[in-house]
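Coordinates in review
Residue strings, one per chain:
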Amino acid sequence: MGCGHSHHVGYHPKLLGRSESGKARPASESEGPKLESFVVIRVLRADLLRSFDAYGKMDPFAVVEWHQEGTRKEIARTRIDWNADMHPHWDHTCRGQPFKMAGNTMVEFQVMEGNVIGRPSFCGAAKISIGDLAPEPTSEVGTATGPVLKLELKLASGPTCEPEVTGHVFVQALMVQTTVLGRGKTPGLSRVDEGLFEGPIERLGVSGGSAAFFKLHLKPGSGRARDYFIGKDLSHAEDEVTFYEEALALKRQPGVAGLGPLLSYTLEYAGVLTNTEETSAGEKKTELLVMRNLRCGSSKHRFLDIKIGQKTAQAGWQGKSRVAALRQSMVDGITNSSCEGFRLEGFDGRPPALESMDPLLDLGMTGNAKMAKKALRVMLQRMPAAEMLLHWLDLHQEPQLGPSDVPNEKLKLQLCTTEVAEIVCHEAVRSLCGLAVACRRSPVPQKWIGSSVGLGFDSGSLPQRKGGEEEVRKSTLVCIFDWGRSELNTMNKHTQLSEKDQLDRGEFWRYYMGGIDRLAWEAARAYQHRFSCSKWSLLTFKVCDFDSMSENDFIGRLCVPVEETPETCADLNSKDGNHVVGDYGWRGSATLTYSITWRPFPQPSRMKGAWRVHLIRAQHLPRQDKMQLRTTSDPMCEITACAADPKGLLCLRQVSSVKVRHLDPEWGETFDLPVANVEDSHLQEALEGAASGLGSCGDVFLAEKIPTWIREQILPQGMHGRSSSRWSWSENNLDNEALDRALDTWKARLDLASATVSPSSGARCREAPVAEHGQMAAPGEKHKIMTEERRTGAIEAAVLSELDARSLCHKAGSAEEPNLVAVGAEDAIPVLSPPVMIERKGIHQSCWELSGCAACIPST
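Residues numbered from 1 in each chain as written. Predicted model: local features only at pLDDT ≥ 70, side-chain atom pairs only at ≥ 80, totals over all residues. Heavy atoms only, no water.

With antiparallel pairing, 4 strands are arranged side by side in an open sheet as S23-S22-S27-S28. Strands with a single pairing partner mark the edges of an open sheet, and in this sheet they are strand S23 (553-561) and strand S28 (648-655). Here the strands of the sheet are splayed against their neighbours by 20° on average, with no regard to which way each runs. Pairing of strand S22 (residues 538-545) with S23 involves 8 bridges; the strand directions are antiparallel. Note that in S23 the partner of Leu-538 across the bridge is Pro-561. (Pairing = 2+ DSSP bridges. Helix = DSSP H or I, 4+ residues; strand = E, 2+ residues; numbered from the N terminus. Axes fitted to C-alpha atoms, helices over the stretch in contact; angles between N-to-C directions.)

Next up, the structure:
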């Protein structure tokens, strides 16, 4: 299949049969485009200081009203965040509103608590002028993203009393400069000149779906590699070609309709080619989608096909039947989609360790290729992100690279596998975080059901040290593809949708963004725990019996310090510390043979070196497959390195291959424990490369869940909290709470980093004088709206403050408070008069059945 690099990809005038002078000029040049400005408001979340529910947890939602020239209208109503209590997350994108410089337009954000019986409870409101909320408009087509603003929610308690501060709401605005062109028009097919390719074409086969792929060869003189493009059968990809053509048409327009950052991750598409295919019945004409070939220039391409979204199907959407949607929803529920918001659909170029894990081993159906393919797909779909990234970065057994990696005498001239894996992971983190930020900069929500993210690199070659880093980065691909059930939404389309359809787009866009956020977080976590440690402390060998249909059976473990160790044979211990014996002691104690050596890397290198752990063999292992009526085991070894770090516990896990039906397995495998330079901060560089201000997120990437006995040997007594059983519910619950908090912090920092920082599109402080060093301005000044300064530690402090609403209550107005927005006394909303219920019929057609309409809330 084909895809593009994460960098922005333009169209190819030569491949499309057009001259560089522009014979077929884009519509934006021929029709005289009219430039329009729209303000798109995102309601992110809220932190309330008290509960407005009589019992149980609150179910908050928000209403956004547009006040202009004496009139007020509701422009958005978020979903209900059920049981969110005082910390709801909505991430709602409002309908774009036309922007005019003249006039005093205000935006009011009202937070409500939904009640099952009765009307919603009013929790507070915040009001701000559109001039202070939205970024400065420009004269060019594009999107400017403003900073995340924190507005005080206030509730009037009486005509003479000061309004009560009930919390804060976090909002963001985008200024979209777009052209109104060809509403309702669908672009035609872009034809590729047949004379640019050799013929006839060769069929390669089917990858994943039903569409076949074809090998394409460019003729000499094209300026690209001969196999740069690949063809996809158009007859089985008609549901995708519309998306490709619309994206290609947008890329030709100035500003790309505000979708430039997002579309820069789509695969490179040139158009439709008609060529000749040789079949058994003779030659026939075949129409193909021409896309970039992923495997171009790769010795062995390793590629992950990750389907994004916790819901990957909807009945009635793009021809999806109810039966097919129901079947797909069942797949979503039993796979990783329901846990982490994505699942692994395909893994090309699997490492030998993963290849040795036969999903049908326990059933004894190892010879059935068809069943093995289906079972492998189920195993991949249920694989969590930490496991898939572990195998994706595993290069310790690649046959093309040799059994022992690069010899020490050649290390000065050639990169080793550890250095290649570090560069690949670094580039993937930068691109995935950039994709997460690009999603937030989209002016309208997208409905990309079943779309995938691809991660790929060349795992079959080790480049020379000189220029090798650039070569590895160039071969690392992060792209989005698979648009069979997707729609490319634009500002022009979105304004014509009904309110119900807009809410539907917002719902599926939250699914998509949630999966992208989690995948980017997992990639950053993998980098931190694999390549950011400067001193490893403890190494654990855990030998297990591989089970394809259930959890692996524990056999024994061995804990050793990370230090120079000659070849050593040591006894394996059980969970309670006793020696493991095989066959009831008749064969003696179970042992493991290993060695550890230090390997420095030549400087300048991105890493200091690596500890090389040689896993040699195990002997006298007990039988574990008694339930299958066998007298053997299927042993594998899991190697875990741990270290105490100022940011938390670092944990690197690697796995060996499975030795089927062995009690004395011979592995002969070598694993690397990378050691970073103390002064380096490569993870921070990758995060900052994705978006300014994201580099301070190093403390949110928690280690994978590890048993208590490892923590007790790494961390000093008392640092790991109260002791509990390693299998107790309380420990699992604590880990889940810490994970949820880390993910919430990560998403909040992505929101902050999504603000553009260029002078032409950055945040404004018009008529908003503030004192230096973040202090409040004098009470007599008109506005006191302060945006977050881009300095080290400021964003980190702001997010931590945002996540603790009660600390915000007594810190409000202090000089040390890292608020994104500090609201002065003059910015308070007008004191509300006693509630008067008013009726406005015929305005909102989708009011709730029992909770009324936002137009019927207490009004002045």
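Among the residues of helix H11 (residues 468-475), Gly-468, Val-472 and Arg-473 are the ones counted as buried. Angularly, the buried residues of H11 cover 135° about the axis, an arc narrow enough to put them on a single face. Exposed residues pointing more than 90 degrees away from the buried face of H11 are listed as Glu-470 and Lys-474. Buried positions along H11 lie against helix H10 (417-440). (Buried < 20%, exposed > 50% of the residue type's maximum accessible area, 1.4 Å probe, protein only. Arc of directions from axis to C-beta. Contact = heavy atoms within 4.5 Å.)

Our focus in this paragraph is helix H5 (residues 322-334). Within an α-helix, residues lying three or four positions from one another point in the same direction, as the helix has 3.6 residues per turn. The end-to-end C-alpha distance of H5, which contains 13 residues, comes to 19 Å, matching closely the 18 Å that a straight helix rising 1.5 Å per residue would cover. When we look at burial in H5, the residues that qualify are Ala-324, Ala-325, Gln-328 and Asp-332. Looking down the long axis of H5, one finds its buried residues gathered within 95° of arc, a one-sided arrangement. Those residues of H5 that are exposed and aimed more than 90 degrees away from the buried face are Arg-322, Val-323, Leu-326, Arg-327, Met-330 and Ile-334. Turning to H5, the residues buried within the fold contact helix H6 (337-340) and strand S17 (342-348). (Expected span 1.5 Å × (residues − 1).)

As a further point, take the pairing of strand S15 (residues 282-292). In the case of a regular strand, side chains alternate between the two sheet surfaces. Two elements, strand S13 (residues 229-233) and S15, share 5 bridges in a ladder whose sense is antiparallel. Bridged to Phe-229 within S15 is Arg-292. Of the pairings in the sheet, the one linking strand S14 (residues 269-279) to S15 comprises 10 bridges and is antiparallel in character. Residue pairing in the sheet places Val-272 in a bridge with Leu-289 of S15. Counting the residues in the hairpin turn of S14 and S15 gives 2 residues.

Moving on to the sheet that holds strand S25 (residues 591-600). Consider a sheet: its strands pair through backbone hydrogen bonds, and that pairing is either parallel or antiparallel. Strand order in the open sheet formed by 4 strands is S24-S25-S26-S29, with antiparallel pairing between adjacent strands. Since the sheet does not close on itself, it has two edges, and those belong to strand S24 (565-571) and strand S29 (666-675), each with one partner. Going from strand to strand, the sheet's axes swing by 20° on average, the running direction of each strand aside.

To continue, consider the nonpolar core. Counting residues in each nonpolar core, the largest one holds 107 residues, and the members touching the most others are Trp-392, Val-429, Val-453 and Trp-746. In terms of residues, this core owes the most to one element, H10, which gives 14 residues. Other than its neighbours up to four places away in sequence, Val-453 contacts Leu-304, Asp-305, Ile-306, Ile-308, Leu-432, Leu-435, Cys-479, Ile-480, Phe-481, Tyr-512, Ile-516 and Leu-519. Ala-46, Ala-62, Val-107 and Ala-173 belong to the second largest nonpolar core, which has 40 residues in total. (Core = buried A, V, L, I, M, F, W, Y, C linked by side-chain atoms within 4.5 Å.)

A few words on the side chain of Lys-251. By the element assignment, Lys-251 lies in helix H3 (residues 238-252). Notably, Lys-251 is buried but unbridged: the nearest opposite-charge side chain belongs to Glu-268, and the N-O separation is 8.2 Å. At 3.2 Å, the side chain of Lys-251 and the side chain of Thr-266 are in polar contact. (Lys, Arg positive; Asp, Glu negative; His and termini not counted. Salt bridge = Lys/Arg side-chain N within 4 Å of Asp/Glu carboxyl O. Polar contact = N/O pair within 3.5 Å; in protein donor to acceptor, adjacent residues only side chain to side chain.)

Summarising the element assignment, Gly-188 is placed in the loop between strand S10 (164-179) and strand S11 (202-206). Given the relative accessible area of 51%, Gly-188 is considered exposed.

A word on the packing of helix H9 (residues 385-392) against helix H13 (residues 499-531). It is at 10 Å that the axes of H9 and H13 come closest, and there the two elements cross at 55°. Considering the angle they form, H9 stands oblique to H13. In this structure, H9 crosses over H13, and the sense of that crossing is right-handed. Taking contact as the criterion, the partners of Ala-385, Ala-386 and Leu-389 in H9 are, on H13, Glu-522, Ala-523, Arg-525 and Ala-526. (Parallel < 35°, antiparallel > 145°, perpendicular 65-115°, else oblique. Left-handed = near helix turned anticlockwise from the far one by under 90°.)

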